[in-house]
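Understanding the architecture of this molecule
Listed below are the residues making up each chain.
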Amino acid sequence: MSFFPEISKIQYEGPKSKNPLAFKHYNPDEIVENQRLKELMRFTVCYWHTFRGTGSDPFGSGTLQRPWDDGSNSVENAVKRVDVAFEFIEKLGCPFYAFHDRDVAPEGDTLAQSNKNLDVVAKALKAAQQRTGIKLLWGTANMFSNPRFMHGAATTCNADVFAFAAAQVKKALEVTLELGGENYVFWGGREGYHNLFNTDMKRELDHLAKFMHMAVDYAKKIGFKGQFLFEPKPKEPTKHQYDFDAAACLNFCRANGLMGHVKLNIETNHATLAGHTMMHELEYARIQGALGSIDANTGDLMLGWDTDQFPTDIYLTTQCMLVILEQGGLTPGGVNFDAKVRRESFEPVDLFHAHIGAMDAFARGAKIAAAIRKDGVLKDFVKNRYRSFDSGIGAEIEKGTVNFETLEKYVLAKHELAANESGRQEYLENLINQYL
Ligand code: XLS
Ligand code: NI
Ligand code: NI
């Protein structure tokens, strides 16, 4: 039985194609910097927005037509949805998917029941993976929807809720292992606060660190070798999320002995909300060896919340790919969309348009970034800009063989400092535009 009978496998037709259901730039076998695009991009369909999104917003209920879904929260419906999801992902030609425990299987009245439900659906997911060859990029636990998490999960003031969250992540790790997941993500749902008058920030952060260490220990115990990823987000749902941005997350990891165990999953819209560009967040993580994976959904620069839109901006994808290519790709991470169609785009075919466009935007960004890198224009410019540190006093500063006193002596003995040179920002911006 087919859930998308009018749609056949999406093919690459090249830039001249006018077919809305074909790739114009994403040719999975095309080589970019010695890697097939398929392996470089590791595109991932996210289960929650794509198969559980209803199109509801704070002002109105769902709008999306999903004819296969009976609207119930039953396990049968969840199992049927697996077939829908895999038909979609297969037709799209995406090699990966990602999920939260509660979006693939319904939560039961007790933890035991929830675990049972998850086992039933995980079995169906495993069979579908084997049948199609589609793999799990990452698993995670939803510890924000259920009202029990109103005060947070690992950072709650209620120790029983902390214990429940731990048990939930234990199970999510087991299922991720069972399905061969290559990463496990921590996005701190409600880990944050609204007001410091009622919050012991120190205790909450200590608890969060304990929680993550327990996860790392348990992963080791069961033989889960996947990469742990921490996903920064500055606000929403809480006013202040503890995993604010890449810098805050890495500071937390470093302060708590988690470096080496945890990398980052950087999301474009979250970067914007933190007042950074995506390129800043990616580069900040990369230079510390902590760029693990990305959520590629973008926001709207005029709105202050996480709109989770599919990426279409080539300038943005080019910037992302400049950083991603610099580290040779994201493996074992990938490019997860974590995006949803607008509630006005209510037909199933809109899901295809959205993903095809986003994959094309990233493929194009990859090719443009590769061309820029091949010509070496940016690299050469930057290298030359810092050349005063390659030899002489600069090299000594970098080596750490000078101090304030020797530097003072150096300056006093000099008649004139080396002249400053232009940063040439506009020249470089124009140059980049020539590649677009
Ligand atoms: C929410 C986050 C979430 C994580 C997974 O804003 O982006 O979707 O990626 O829990
Ligand atoms: Ni995300
Ligand atoms: Ni998000």
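Before any of the text, the structure's been laid out above.
Residues numbered from 1 in each chain as written. Chains lettered and ligands numbered in written order. Predicted model: local features only at pLDDT ≥ 70, side-chain atom pairs only at ≥ 80, totals over all residues. Heavy atoms only, no water.

A word on the coordination of the nickel ion (ligand 2)
Octahedral six-donor coordination of a metal ideally yields angles of 90 or 180 degrees, compared with 109.5 degrees for tetrahedral four-donor coordination. Of the protein atoms, only Glu231 (OE), Glu267 (OE), Asp295 (OD) and Asp338 (OD) coordinate the nickel ion (ligand 2), at distances of 2.0 to 2.1 Å. Relative to the metal, the 6 donor atoms surrounding the nickel ion (ligand 2) lie at angles of 80 to 174°, and the coordination shape comes out octahedral. For the nickel ion (ligand 2), the donor residues sit on a single chain with the sequence spacing E-x35-E-x27-D-x42-D. A separation of 3.9 Å is found between the nickel ion (ligand 2) and the nickel ion (ligand 3), both of which receive a donor from Glu267. One end of the pair, Glu267, is in strand β12 (residues 262–267); the other, Asp295, is in strand β13 (residues 291–295), with 28 residues separating them in the sequence. A single burial state applies to Glu267 and to Asp295, both of which are buried. (Donors = N, O, S within 2.8 Å, 3.2 Å for Na, K, Ca; no water. Tetrahedral: all angles 85-135°; square planar, octahedral: opposite > 155°, others 65-115°. Helix = DSSP H or I, 4+ residues; strand = E, 2+ residues; numbered from the N terminus. Buried < 20%, exposed > 50% of the residue type's maximum accessible area, 1.4 Å probe, protein only.)

Digging into a nonpolar patch on the surface
Together, Val382, Tyr386, Phe389 and Ile397 line one region of the surface with nonpolar side chains, adding up to about 350 Å² of accessible area. Note that Ile397 resides in helix α14 (residues 392–399). Taking relative accessible area as the criterion, Ile397 reaches 40% and is therefore assigned partly exposed. (Patch = residues over 30% accessible without salt bridge, like charges linked within 9 Å, V, L, I, M, F, W, Y side chains within 5 Å. Areas by Shrake-Rupley, 256 points an atom, 1.4 Å probe, with all protein chains shown as cover. Salt bridge = Lys/Arg side-chain N within 4 Å of Asp/Glu carboxyl O.)

Considering the layout of surface pockets
Roughly 1,400 Å³ of volume is contained in the largest pocket. Residue assignment for the lining of the largest pocket shows that the elements contributing at least two residues are α2 (47–52), α4 (101–104), β7 (135–140) and β8 (183–187). It is α2 that contributes the most residues to the lining of the largest pocket, 3 residues altogether. Tallied by class, the residues present in the lining of the largest pocket amount to 12 nonpolar, 13 polar and 18 charged. Counted as a void, the second largest pocket has a volume near 890 Å³. Met279, Leu322, Leu378, Lys379 and Val382 are, among the 26 residues lining the second largest pocket, the residues nearest its centre. (1 Å grid on protein atoms, 1.4 Å probe; cavity = no way out; pocket = protein on both sides within 12 Å on 5 of 7 lines; lining within 4 Å. Points joined across faces, edges and corners; volume = space filled by probe spheres on them. Nonpolar A, V, L, I, M, F, W, Y, C, P; charged D, E, K, R; others polar.)

Quick look at empty space enclosed by the protein
For the coordinates displayed, the defined rule picks out 2 cavities of 30 Å³ or more. By volume, the largest cavity amounts to about 100 Å³. Considering the residues around the largest cavity, the lining is formed by Met143, Ala154, Phe186, Trp187, Gly188, Glu191, Leu208, Phe211, Met212, Phe230, Tyr242 and Asp243. Counting residues per element, the ones that place at least two in the lining of the largest cavity are β8 and α7 (201–222). Here the element with the most residues in the lining of the largest cavity is α7; it accounts for 3 residues. Empty space within the second largest cavity amounts to approximately 70 Å³.

Focus: the pattern of salt bridges
Applying the stated rule across the entire model yields 24 salt bridges. The partner of Asp69 in a salt bridge is Arg81, and the shortest N-O contact between them spans 3.0 Å. Taken together, the residues span a long stretch of sequence, with Asp69 in the loop between α2 and α3 (75–92) and Arg81 in helix α3 at a distance of 12 residues. With a shortest N-O distance of 3.8 Å, Arg131 and Asp83 are connected by a salt bridge. Separated by 48 residues along the polypeptide, Arg131 in helix α5 (residues 111–132) and Asp83 in helix α3 bring together distant segments of the chain. Residue classification places Asp83 among the partly exposed positions, given a relative accessible area of 39%.

Observations concerning the site of ligand 1
Taken together, the neighbourhood of ligand 1 is formed by Trp48, His100, Trp138, Trp187, Glu231, Lys233, Glu267, His270, Asp295, Asp306 and Asp338. With respect to ligand 1, the side chain of His100 contributes an N or O atom lying 2.7 Å from an oxygen atom. Lys233 places a side-chain nitrogen or oxygen 2.8 Å from an oxygen atom of ligand 1. In isolation ligand 1 exposes 290 Å². Once the protein is present, 93% of that is buried. Here ligand 1 occupies the largest pocket. For the shell around ligand 1, the class distribution of residues is 3 nonpolar, 2 polar and 6 charged. (Near = heavy atom within 4 Å. Polar contact = N/O pair within 3.5 Å; in protein donor to acceptor, adjacent residues only side chain to side chain. Sits in = over half its atoms within 2 Å of the grid points.)

A look at the state of the cysteines
What the rule picks out here adds up to 0 disulfides. Cys46 takes part in no disulfide bond, and the closest cysteine sulfur, belonging to Cys94, lies 10 Å away. Accessibility expressed as a relative area gives 1% for Cys46, which makes it buried. Cys94 gets classed as buried once you look at its relative accessible area, which sits at 3%. (Disulfide = S-S within 2.5 Å.)

Function cannot be inferred from these measures alone, as they are strictly geometric.
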